[in-house]
Amino acid sequence: MNRILIGLIIIPLLALNVMHKFYVSVTEVNYVEEQQSVQIITRVFIDDMENLLKLRYDDNIVLAGNDELSRTDEYIGTYIKEKFLIKINGLGKPVSFIGKDYDGDIMRCFIEVEGVADIKSFEISNQLLFDLFDDQQNVVKTSIYSKNKSMILTKQRPSAMLKFN
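Residues numbered from 1 in each chain as written. Predicted model: local features only at pLDDT ≥ 70, side-chain atom pairs only at ≥ 80, totals over all residues. Heavy atoms only, no water.

### Let's talk about the side chain of threonine 142
For step 1, the next point in the chain: Structurally, threonine 142 is set in strand β8 (residues 137–144).
For step 2, the next point in the chain: When its relative accessible area of 4% is taken as the criterion, threonine 142 is described as buried.
For step 3, the next point in the chain: Contact partners of threonine 142, with chain neighbours within four places excluded, come to Val29, Phe122, Lys147, Asn148, Lys149, Met151 and Leu162. (Helix = DSSP H or I, 4+ residues; strand = E, 2+ residues; numbered from the N terminus. Buried < 20%, exposed > 50% of the residue type's maximum accessible area, 1.4 Å probe, protein only. Contact = heavy atoms within 4.5 Å.)

See below:
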């Protein structure tokens, strides 16, 4: 009898845990020394970015559809430049939003930092979607000078620094 009662309590709790949506983005950072360029690809769920853009800019925004607004890329670029900050060797660097594409339910944003002759320190602050989800996690994977590092950025810890000697 006790086992049945425990089962009736635990099973619904487990079901709630399975139904919970995870809020995560994945960002790949690659330093291409020959091009003096830091090339970045950020992957976010289309519906999360769409909801954020509707909230911030225009309630009529629809991503990944034929009726996508002409100003959508401008909105995405503005948001990325505000929430995605890069410091190289202690100096803030401008990020350029190159464009986006869609793959299933994922939007890939292409970002670049140009004119990077060498990297002694690399700091990244990725606050994408933190203003929409308190439990958002932004995974960052870097490949700089053939050294691969990964980190998870959260609202409580939105930035990280890597040093290269």
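### Examining the sheet that holds strand β3 (residues 84–88)
For step 1, the next point in the chain: Spatially, 4 strands are ordered β4-β3-β7-β10 in an open sheet, and the strand pairing comes out antiparallel. Each edge of the sheet is formed by a strand with only one pairing partner; in this case those strands are β4 (91–93) and β10 (159–163). When the angles between neighbouring strand axes are averaged without regard to direction, this sheet yields 25 degrees.
For step 2, the next point in the chain: Against the sheet, helix α3 (residues 72–83) makes contact with β3 and β7 (121–126), and its axis sits at roughly 50 degrees relative to β3, the strand it touches most. (Pairing = 2+ DSSP bridges. Axes fitted to C-alpha atoms, helices over the stretch in contact; angles between N-to-C directions.)

### Regarding the packing of aromatic side chains
For step 1, the next point in the chain: Under the defined criterion, the tally for this structure stands at 4 aromatic pairs.
For step 2, the next point in the chain: Residues tyrosine 31 and tyrosine 145 carry aromatic rings whose centres are separated by 5.4 Å and whose planes lie at 80 degrees to one another, so their mutual orientation is edge-to-face. Residue tyrosine 31 is located in strand β1 (residues 24–32), and its partner tyrosine 145 is located in the loop between β8 and β9 (147–154); the two are separated by 114 residues in the primary sequence.
For step 3, the next point in the chain: A relative accessible area of 9% means that tyrosine 31 is categorised as buried. (Phe/Tyr/Trp six-rings, centres within 6.5 Å; stacked < 30°, edge-to-face > 60°.)

### Looking at the environment of leucine 55
For step 1, the next point in the chain: By secondary structure assignment, the location of leucine 55 is in helix α2 (residues 46–56).
For step 2, the next point in the chain: Sequence separation between leucine 55 and leucine 132 is 77 residues; the distance between their C-alpha atoms is 8.9 Å.

### Notes on α2
For step 1, the next point in the chain: Here α2 has its buried residues at Ile46, Asp48, Met49, Glu50, Leu52 and Leu53.
For step 2, the next point in the chain: In this structure, the buried residues of α2 make contact with β2 (37–45), α3, β5 (96–103) and β6 (106–114).

### A few points about the pairing of β9
Moving residue by residue along a regular strand, the side chains alternate between the two faces of the sheet.
For step 1, the next point in the chain: As paired strands, β8 and β9 are joined by 8 bridges and run antiparallel to one another. Its bridge partner lying in β9, serine 143 is registered against asparagine 148.
For step 2, the next point in the chain: Hairpin connection of β8 to β9: 2 residues between the antiparallel strands, including tyrosine 145 at a positive phi of 50 degrees.

### Section: α3
For step 1, the next point in the chain: Taking 1.5 Å per residue as the helical rise, α3 with its 12 residues ought to reach 16 Å, and the 17 Å between its terminal C-alpha atoms agrees with that figure.
For step 2, the next point in the chain: Among all positions of α3, only Thr72, Tyr75, Ile76, Gly77, Tyr79, Ile80 and Lys83 are buried.
For step 3, the next point in the chain: Against the buried residues of α3 lie α2, β3, β5, β6 and β7. (Expected span 1.5 Å × (residues − 1).)

### Quick look at the environment of proline 158
For step 1, the next point in the chain: Within the secondary structure layout, proline 158 lies in the loop between β9 and β10.
For step 2, the next point in the chain: Here the alpha-carbon distance between proline 158 and asparagine 138, two residues 20 residues apart in the chain, equals 8.4 Å.
For step 3, the next point in the chain: The residues contacting proline 158, other than those within four sequence positions of it, are Ile124, Ser125, Asn126, Gln127, Phe130 and Leu153.

### A look at the pattern of salt bridges
Between side chains of opposite charge, a pair can form as their charged atoms come close.
For step 1, the next point in the chain: This structure, assessed with the given rule, holds 13 salt bridges.
For step 2, the next point in the chain: For the salt bridge of glutamate 74 with arginine 71, the shortest nitrogen-to-oxygen distance reads 2.8 Å.
For step 3, the next point in the chain: For glutamate 74, a relative accessible area of 44% puts it in the partly exposed group. (Salt bridge = Lys/Arg side-chain N within 4 Å of Asp/Glu carboxyl O.)

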